[in-house]
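Remarks on the overall topology
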Amino acid sequence: QVQLVESGGGLVQPGGSVRLSCAASGSIRTINNMNWYRQAPGEQREWVALITSEGSTNYKDSVKGRFTISRDNAKNMLYLQMNSLKPEDTAVYYCTLQLTPWGQVYWGQGTQVTVSS
C-alpha cells in the first residue's frame, strides 16, 4: 500500500505565495508520474500539474508561469510552489502518484488553500 500526505495549505492573501508538500510512504520502489489536482467548492476536481519520473512538467493553462511542480525522488516528496495567487485558486489540493505508467493512481487526503484578503 501507498500513503500520501499533503501539507502546507492555509489562508493566503491575493498575490501571495504558498508551497505545498506531499509525502509518499509505503511499498514504494520507484514512482512514475506525480500530479497535483484541486477541487474548488461546488466544482469538479481538476488537474493542475504533472511531473514525470524524468522531471518533465506540464501545467493547466491558468497556472502556467505562477505554479511550479517539483519532486525529490530520494525522499519520495512532491511539491507545488504557488505564486501570485488569486482568489480563484482557492480549493482543496490533492497529490497523486502512480508507481508504474499503467498502475493504480494513489490519492492523498488533500490540503485546503484559501486565497482571500
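Now for a look at the structure at hand. Since the structure is predicted, the reported quantities are computational estimates derived from the model, not experimental observations.

**A look at the overall build of the protein chain**
- Within the protein chain one finds 0 helices and 11 strands.
- Relative to the globule expectation of 13 Å for 117 residues, the C-alpha radius of gyration of the protein chain, 14 Å, shows essentially globular dimensions.
- Looking at the 117 residues of the protein chain, the share that counts as buried comes to 41%.
- Long-range contacts, defined here as pairs at least 24 residues apart, represent 53% of the contacts in the protein chain between residues at least 6 apart.
- Carbon and sulfur atoms make up 45% of the accessible area of the protein chain, which totals about 6300 Å².
- Between the mean site of the 10 positive side-chain charges and the mean site of the 8 negative ones, the protein chain shows a separation of 5 Å.

**Regarding the state of the cysteines**
- Summed over all chains, the structure comprises 1 disulfide.
- Bridging C22 to C95, the disulfide has an S-S length of 2.0 Å. Since a negative S-S torsion denotes a left-handed disulfide, the C22-C95 link at about 55° is right-handed. Remark: C95 occurs in strand β9 (residues 91-98) and C22 occurs in strand β3 (residues 18-26); sequence separation between them is 73 residues.
- Overall, C22 belongs to the buried group, its relative accessible area being 0%.

**Section: the nonpolar core**
- Core analysis: the biggest nonpolar cluster contains 29 residues, and W36, L80, M82 and Y93 have the highest contact counts within it.
- When residues of this core are traced back to their parent elements, those giving at least two are β1 (2-7), β3, β4 (34-39), β5 (46-51), β7 (67-72), β8 (77-82), β9 and β11 (111-115).
- With residues near it in sequence (within four places) discarded, M82 still touches G16, S17, V18, L20, R66, F67, Y93 and V113.

**Remarks on the packing of aromatic side chains**
- This structure, assessed with the given rule, holds 2 aromatic pairs.
- Here Y94 and W107 contribute two aromatic rings whose centre-to-centre distance is 6.2 Å and whose plane-to-plane angle is 75°, an arrangement assigned as edge-to-face. Pair noted here: Y94 is in strand β9 and W107 is in strand β10 (residues 105-107), with a separation of 13 residues, a long-range link.
- Relative accessible area serves as the criterion here: at 36%, W107 is assigned to the partly exposed category.
- Among the aromatic side chains, those forming a connected cluster through ring pairs are Y37, Y94 and W107.

**A word on the sheet that holds β3**
- Read from one edge of the open sheet, 4 strands run β1-β3-β8-β7, paired in antiparallel fashion. Bordering the open sheet on either side are β1 and β7, each of which pairs with just one other strand. Within the sheet, the average angular offset between the axes of one strand and its neighbour, ignoring direction, is 15°.
- Two strands pair when backbone bridges link them, and β3 and β8 are joined in this way by 6 bridges, in the antiparallel orientation. For R19, the partnering residue across the bridge sits in β8 and is Q81.

Rules used throughout
Residues numbered from 1 in each chain as written. Predicted model: local features only at pLDDT ≥ 70, side-chain atom pairs only at ≥ 80, totals over all residues. Heavy atoms only, no water. Helix = DSSP H or I, 4+ residues; strand = E, 2+ residues; numbered from the N terminus. Rg over C-alpha atoms; globule rule 2.2 N^0.38 Å. Buried < 20%, exposed > 50% of the residue type's maximum accessible area, 1.4 Å probe, protein only. Contact = heavy atoms within 4.5 Å. Areas by Shrake-Rupley, 256 points an atom, 1.4 Å probe, with all protein chains shown as cover. Lys, Arg positive; Asp, Glu negative; His and termini not counted. Charge placed at Lys NZ, Arg CZ, Asp CG, Glu CD. Disulfide = S-S within 2.5 Å. Core = buried A, V, L, I, M, F, W, Y, C linked by side-chain atoms within 4.5 Å. Phe/Tyr/Trp six-rings, centres within 6.5 Å; stacked < 30°, edge-to-face > 60°. Pairing = 2+ DSSP bridges. Axes fitted to C-alpha atoms, helices over the stretch in contact; angles between N-to-C directions.

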